[in-house]
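These are the residues of each chain, in order.
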Amino acid sequence: MKICLVLYKYSNSISDPCCYPLGFMYISSVLKQAGHDVKILNYNLYDYSFIDEVKGYDAVLFTGFEAFLNSIKSHASKCRELGIKTIVGGAIATFKPEIINKFVDTVVIGEGENVVLDALTKTGIIHGTRPNLDTIPYPDYDGFGFHEYNKRHSVSYIGVLTSRGCAFRCTFCAQTCMYQERKLEDVFKEIDLYVDKYNVCKIMFNDNNLNLSKNRYIELCEGMKQRKLYWGGAIRCNIFDEDMAIATKESGCTHLVVGVESFNQAKLNYINKRLTVEQIISTLNLLHKYNISYHGNVLVGFENETYSDIANEIASIPPQYKIFPVVVQGFIGTSNGKNRLINKDEENFLNKIFIEYANSLNFDYNLGE
């Protein structure tokens, strides 16, 4: 079959370390492995005449977030006029399947690698199943325009997942995939392929939490040290000690995103973060001790917070740490950020000054050395 995958433009910068749409890229690779003729419309890189691009195709696959709903409805309608089957996956399909199914032929809930081939011939709502991350093909970087991304990046980097999903259930996050880890042997095999094929010098590990196992984390650091590659990733504060800090420093890590969210224990409990302020402080002190670049956020604007509460929390952020405030977003599938005690003008003002504050810290992801 001739299949077209449509990726709409993200709100975040193309230089964001998580700019690569790995979930959709896995789907593309599964389709290509099965012998289908696949074309990608990546609106993060180019503009298109949609009708001209999809004419003659058998199916069009969409993915994405709530912000893409109007675009999906419009393009799906055009596909129906042309007699083209339409399929939607991703967060918007997982959390609003009945609504989405009014506008498209097939909706895939959850992880799609095991069911996308069935979705090409079936209609209605299909529930995805957990794939084996060590046997599915690697993400389709060629199809999604790696070389064009690379032209726009200051350094050649690529995204890799060593795990999928999350073992925790923070209320502000919409992660629904059951947590599973890949064998590090296969992770290193993928990395070596990218080095040989694309000459990348940095790996961005896009895991939600890279350090859920101390031994695995240190083994990952050792593998990166042997390859003399730079890397970055995200860590939790309740599973980080001096051994892990030393391994991080010696392995070529250029930046870590640290899950902080608050220095108030009652608030950490409220958002089900499952860690303590003491663990946060311990991790941040280790990062300072070993001069490891990092940043973290304090989330504000929850449904129980007044403007005064927010001001007090911001004032309580320890100034020695590279932590800056962010207004929590009401992403689809989350419990927070949809209703606030602050008004829209206050929210807009906070967003403005938070961006200015982050910029004053010369914040970046340290994508270079």
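One structure accompanies this document, and this report is about it.

1. A closer look at the sheet that holds strand β12 (residues 253-261)
Here is step 1: The six strands are arranged β7-β10-β11-β12-β13-β14 in an open sheet whose pairing can be described as parallel. Both edges of this open sheet fall to β7 (157-160) and β14 (323-327), since each of them pairs with a single strand only. Neighbour-to-neighbour, the strand axes of this sheet turn through a mean angle of 25 degrees, independent of strand direction.

2. A closer look at the side chain of T94
Here is step 1: One can find T94 in helix α4 (residues 91-95).
Here is step 2: At 2.9 Å, the side chain of T94 forms a polar contact with the backbone nitrogen of G110.
Here is step 3: The residues touching T94, leaving out its near neighbours within four places in the chain, are V108, I109, G110 and T176.

3. Description of the packing of aromatic side chains
Here is step 1: Tallied over the full model, the rule gives 23 aromatic pairs.
Here is step 2: Residues F65 and F68 carry aromatic rings whose centres are separated by 5.9 Å and whose planes lie at 55 degrees to one another, so their mutual orientation is tilted.
Here is step 3: With a relative accessible area of 45%, F65 lands in the partly exposed category.
Here is step 4: Overall, F68 belongs to the buried group, its relative accessible area being 8%.
Here is step 5: On the numbers, 6.4 Å between centres and 65 degrees between planes, the contact of Y141 with Y198 is edge-to-face. Linking Y141 in the loop between β6 (124-127) and α7 (146-152) with Y198 in helix α8 (residues 184-198), this pair joins segments that are 57 residues apart in sequence.
Here is step 6: By relative accessible area, Y141 is classed as buried at 1%.
Here is step 7: A relative accessible area of 8% places Y198 in the buried class.

4. Things to note about helix α14 (residues 344-360)
Here is step 1: Counted at 1.5 Å a residue, the expected span for α14 with its 17 residues is 24 Å, and the 24 Å between its end C-alpha atoms agrees.
Here is step 2: Those residues of α14 that are buried lie in contact with β13 (294-300), α13 (307-315) and β14.
Here is step 3: Backbone nitrogen of D345 and a side-chain oxygen of the N-cap are separated by 3.1 Å at the start of α14; the cap is N343.

5. Some thoughts on the nonpolar core
If you look at soluble globular proteins, the nonpolar side chains tend to sit buried side by side.
Here is step 1: In this structure, L61, F62, I203, F205 and W231 are the most contacted members of the largest nonpolar core, which totals 107 residues.
Here is step 2: Element by element, the count of residues in this core is highest for helix α1 (residues 22-33), at seven residues.
Here is step 3: Counting six residues, the second largest nonpolar core, distinct from the first, contains C170, F172, I271 and F302.

6. As for the state of the cysteines
The bond known as a disulfide is covalent and runs between the sulfur atoms of two cysteines.
Here is step 1: Counted by the stated rule, this structure contains zero disulfides.
Here is step 2: C170 takes part in no disulfide bond, and the closest cysteine sulfur, belonging to C166, lies 6.3 Å away.
Here is step 3: On the basis of relative accessibility, which here comes to 11%, the residue C170 falls in the buried class.
Here is step 4: With no disulfide of its own, C221 lies 7.4 Å from the sulfur of C253, the closest cysteine sulfur.

7. Quick look at the packing of helix α9 (residues 214-227) against helix α10 (residues 242-250)
Here is step 1: Following both chains from N to C, one finds α9 and α10 inclined at 20 degrees, their axes separated by 8 Å at the closest point. By the angle between their axes, α9 is roughly parallel relative to α10. By crossing handedness, the relation of α9 to α10 is classed as left-handed. Contacts between α9 and α10 involve K214, Y217, I218, C221 and K225 from the former and D243, M244, A247, T248 and E250 from the latter.
Here is step 2: For the contact of α9 with α10, the class distribution of residues is five nonpolar, one polar and four charged.

What counts and how
Residues numbered from 1 in each chain as written. Predicted model: local features only at pLDDT ≥ 70, side-chain atom pairs only at ≥ 80, totals over all residues. Heavy atoms only, no water. Pairing = 2+ DSSP bridges. Helix = DSSP H or I, 4+ residues; strand = E, 2+ residues; numbered from the N terminus. Axes fitted to C-alpha atoms, helices over the stretch in contact; angles between N-to-C directions. Polar contact = N/O pair within 3.5 Å; in protein donor to acceptor, adjacent residues only side chain to side chain. Contact = heavy atoms within 4.5 Å. Phe/Tyr/Trp six-rings, centres within 6.5 Å; stacked < 30°, edge-to-face > 60°. Buried < 20%, exposed > 50% of the residue type's maximum accessible area, 1.4 Å probe, protein only. Expected span 1.5 Å × (residues − 1). Core = buried A, V, L, I, M, F, W, Y, C linked by side-chain atoms within 4.5 Å. Disulfide = S-S within 2.5 Å. Parallel < 35°, antiparallel > 145°, perpendicular 65-115°, else oblique. Left-handed = near helix turned anticlockwise from the far one by under 90°. Nonpolar A, V, L, I, M, F, W, Y, C, P; charged D, E, K, R; others polar.

The analysis is restricted to geometry; functional conclusions fall outside its scope.
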